[in-house]
There are 2 protein chains.
Amino acid sequence: MQLDDIHIRMVDLLRRNGRLSIAALADQLGISRSNAYQRYDWLIESGVITGFTATLDFRAAGFGVAALVFVSLEQQQWGEFRERLKTVPELEYFAVTAGEHDGMLLVRAADVAAIHELVALNLAQWSCIKSTETVFVMDEQWDRVSLGAGFAGRALRSPGEWAGESPLGSTRHLRIAEPGEEDEGAPLR
Amino acid sequence: MQLDDIHIRMVDLLRRNGRLSIAALADQLGISRSNAYQRYDWLIESGVITGFTATLDFRAAGFGVAALVFVSLEQQQWGEFRERLKTVPELEYFAVTAGEHDGMLLVRAADVAAIHELVALNLAQWSCIKSTETVFVMDEQWDRVSLGAGFAGRALRSPGEWAGESPLGSTRHLRIAEPGEEDEGAPLR
DNA sequence: GTTGAAATTAGTACGAA
DNA sequence: TTCGTACTAATTTCAAC
């Protein structure tokens, strides 16, 4: 089985409402129930869908404040850092980043003081952390990317369909010609 | 009804598995099925739970790349900016930030070139945007904050219980005494 | 890939502790 | 409030087309 348009619409429906029944999905997708079950199972087994979760109003849930904490590490102490990250209950999201800092944490707490405590009394004491920079989030919105929305379709195209697509000029990887192979510099992807 | 420990555990269970049936929740929480329905409904109606969604393996779903785009706006053109944000299908998360930049976008696309196209050919052309800075995400992890985990309990305490809690010294807002009121400088919260 | 049954589970209502 | 039960509606499973 392969990711097709119906899979994509199914994922979009499940992103909008993660508790939709398979029967309701089948109905809205215009397919039979058993087909919907097959596709649903496939989405889970193939690893496209990793799980389901409740989304919260963090303020209503008692988390009044969110902040981004940019961290720079001492000489690639990733092992210790990521191990200690597991002990931070305020952590919602962590990204390893290119550029000025090494990583970014999205943390939540009841109030500004609790964030300050986290950064100043906890994070800043870790020997693996060289420096931190805290930026408070004043407003936020989640706009879950939709697999169905335009651009995602590109990922589904077969290699040949990419040629000459980019308005900026295609990134091309010139293959080193194998012995006896004629290499015309075709894009690998 | 008021948020209590069982609500918190229910939310945590639903964050871990958003498709858990109410019967399974009741079972794991040690309460009756009808009580579980009541509490579940209350969590939705009170706005603590805003919805349910499928979580994805973005790479498996064809989004090979994620990036943080920091934006600075021309003279508070928030209206136009947020209006145009709605037209960006690559957008997953947006935060209005304090500090150097005005906001941060988390965007996803099939490859690095697509991110570049988004920033250089789309965002950078918006008149409301003064400048952008793109940082690629090299690895990421979601560690959904748990309402049950230690610190969140603070949000549930009644005001009096906060006194003298902070190891950094409590932030105190001295109330301006109302006429005829004895003000002893008690923390407002 | 579909349809139609049986078995199971979910959702609702209401009285009692 | 919480629980137990009875009842109805819906979903899931499984078999046959």
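Residues numbered from 1 in each chain as written. Chains lettered and ligands numbered in written order. Predicted model: local features only at pLDDT ≥ 70, side-chain atom pairs only at ≥ 80, totals over all residues. Heavy atoms only, no water.

Labelled according to an unreviewed UniProt entry, chain A appears under the name Lrp/AsnC family transcriptional regulator, originating from Mycetocola lacteus.

1. Points about the overall build of chain A
Each helix and strand counted, chain A has 5 helices and 5 strands in total. Counting from the amino terminus, chain A carries its helices and strands in the arrangement α-α-α-β-β-α-β-β-α-β. Taken across its 189 residues, chain A has 43% of its residues classed as buried. The contacts of chain A with a sequence gap of at least 6 include a subset with a gap of at least 24, amounting to 61%. Working note: accessible area of chain A is about 9700 Å², and carbon and sulfur atoms make up 48% of it. (Helix = DSSP H or I, 4+ residues; strand = E, 2+ residues; numbered from the N terminus. Buried < 20%, exposed > 50% of the residue type's maximum accessible area, 1.4 Å probe, protein only. Contact = heavy atoms within 4.5 Å. Areas by Shrake-Rupley, 256 points an atom, 1.4 Å probe, with all protein chains shown as cover.)

2. Quick notes on empty space enclosed by the protein
Applying the stated criterion to the full structure yields 2 cavities of 30 Å³ or more. In this structure, the largest cavity encloses a volume near 50 Å³. Every residue lining the largest cavity is listed: Leu68(A), Tyr93(A), Met104(A), Leu106(A), Trp142(A), Tyr93(B), Met104(B), Leu106(B) and Trp142(B). Elements supplying a minimum of two residues to the lining of the largest cavity: β4 (103-109) of chain A together with β4 (103-109) of chain B. Considered class by class, the residues forming the lining of the largest cavity number 9 nonpolar, no polar and no charged. (1 Å grid on protein atoms, 1.4 Å probe; cavity = no way out; pocket = protein on both sides within 12 Å on 5 of 7 lines; lining within 4 Å. Points joined across faces, edges and corners; volume = space filled by probe spheres on them. Nonpolar A, V, L, I, M, F, W, Y, C, P; charged D, E, K, R; others polar.)

3. Observations concerning the protein's contact with DNA strand C
All residues in the neighbourhood of DNA strand C are listed as Ser32(A), Arg33(A), Ser34(A), Asn35(A), Ser21(B), Ile22(B), Ala23(B), Arg33(B) and Tyr37(B). Among all atoms of DNA strand C positioned within 4 Å of the protein, those belonging to sugar or phosphate total 45%. A distance of 2.9 Å separates a base oxygen of DNA strand C from a polar side-chain atom of Arg33(B). Tyr37(B) is positioned with one of its side-chain polar atoms (N or O) 2.8 Å from a phosphate oxygen of DNA strand C. The element that contributes the greatest number of residues to the surface near DNA strand C is helix α3 (residues 33-45) of chain A, accounting for 3 residues. The residue makeup of the surface near DNA strand C, split by class, is 3 nonpolar, 4 polar and 2 charged. (Near = heavy atom within 4 Å. Polar contact = N/O pair within 3.5 Å; in protein donor to acceptor, adjacent residues only side chain to side chain.)

4. Description of the packing of helix α1 (residues 5-16) of chain B against helix α3 (residues 33-45) of chain B
Residue and element names in this part refer to chain B. In contact at an axis separation of 11 Å, α1 and α3 are set at 75° when each is read in the N-to-C sense. Regarding the angle of α1 to α3, the classification is roughly perpendicular. In contact with Ile6, His7, Met10, Val11 and Leu14 of α1, α3 contributes Ala36, Arg39, Tyr40, Trp42 and Leu43. Grouping the constituent residues of the contact of α1 with α3 by class yields 8 nonpolar, 1 polar and 1 charged. (Axes fitted to C-alpha atoms, helices over the stretch in contact; angles between N-to-C directions. Parallel < 35°, antiparallel > 145°, perpendicular 65-115°, else oblique.)

5. Focus on the layout of surface pockets
There is about 980 Å³ of room inside the largest pocket. Looking at the largest pocket, it is lined by 44 residues, and the ones nearest its centre are Glu92(A), Trp142(A), Glu92(B), Trp142(B) and Arg144(B). If you list the elements that add at least two residues to the lining of the largest pocket, you get β1 (49-56), β2 (65-73) and β5 (129-142) of chain A together with β1 (49-56), β2 (65-73) and β5 (129-142) of chain B. Of the residues contributing to the lining of the largest pocket, the split by class is 18 nonpolar, 10 polar and 16 charged. Taken as a whole, the second largest pocket spans an internal volume of roughly 280 Å³. What lines the second largest pocket is a set of 17 residues, among which Phe70(A), Glu100(A), His101(A), Phe70(B) and His101(B) lie closest to the centre.

6. Some words on the sheet that holds β4(B)
Within a sheet, adjacent strands bond to each other through the backbone by hydrogen bonds, running parallel or antiparallel. Here we have 8 strands rolled up into a closed barrel, ordered β2(A)-β4(A)-β3(A)-β5(B)-β2(B)-β4(B)-β3(B)-β5(A), and antiparallel in their pairing. Going from strand to strand, the sheet's axes swing by 35° on average, the running direction of each strand aside. Two elements, β2(A) and β4(A), share 7 bridges in a ladder whose sense is antiparallel. Directly across from Val69(A), in β4(A), lies its bridge partner Leu105(A). (Pairing = 2+ DSSP bridges.)

7. Description of the interface of chain A and chain B
Contact with chain A, which involves 76 residues of that partner, is made by 76 residues of chain B. Summing both partners gives a buried area of about 6700 Å² for chain A against chain B, and 60% of it is carried by carbon and sulfur. Linking chain A to chain B there are 2 salt bridges. One salt bridge in this structure joins Asp139(A) and Arg82(B), with 2.8 Å as the shortest N-O distance. The interface formed by chain A and chain B includes 37 residue pairs in polar contact (both at pLDDT 80 or more). Broken down by secondary-structure element, the contributors of at least two residues to the side of chain A that touches chain B are α1 (5-16), β1, β2, α4 (78-85), β3 (91-97), β4, α5 (112-122) and β5 of chain A. Of the residues contributing to the side of chain A that touches chain B, the split by class is 45 nonpolar, 15 polar and 16 charged. Relative to β5(B), β3(A) runs antiparallel, the two sharing 5 bridges. Residue pairing across strands places Ala95(A) opposite Glu140(B), the latter belonging to β5(B). (Buried area = accessible area lost by both parts, 1.4 Å probe. Salt bridge = Lys/Arg side-chain N within 4 Å of Asp/Glu carboxyl O.)

8. Things to note about the protein's contact with DNA strand D
Near DNA strand D, the surroundings consist of 13 residues, among which Ser21(A), Tyr37(A), Ser32(B), Asn35(B) and Arg39(B) are the closest. Restricting the count to atoms of DNA strand D within 4 Å of the protein gives a sugar and phosphate share of 64%. Take Tyr37(A): an N or O atom from its side chain is 2.4 Å from a sugar or linking oxygen of DNA strand D. Ser34(B) is positioned such that a nitrogen or oxygen atom in its side chain is 3.2 Å from a base oxygen of DNA strand D. Secondary structure elements with two or more residues in the surface near DNA strand D: α2 (22-29) and α3 of chain A together with α3 of chain B. Among the elements that line the surface near DNA strand D, the one with the most residues is α3(B), at 5 residues. Taken together, the residues that form the surface near DNA strand D break down as 5 nonpolar, 5 polar and 3 charged.

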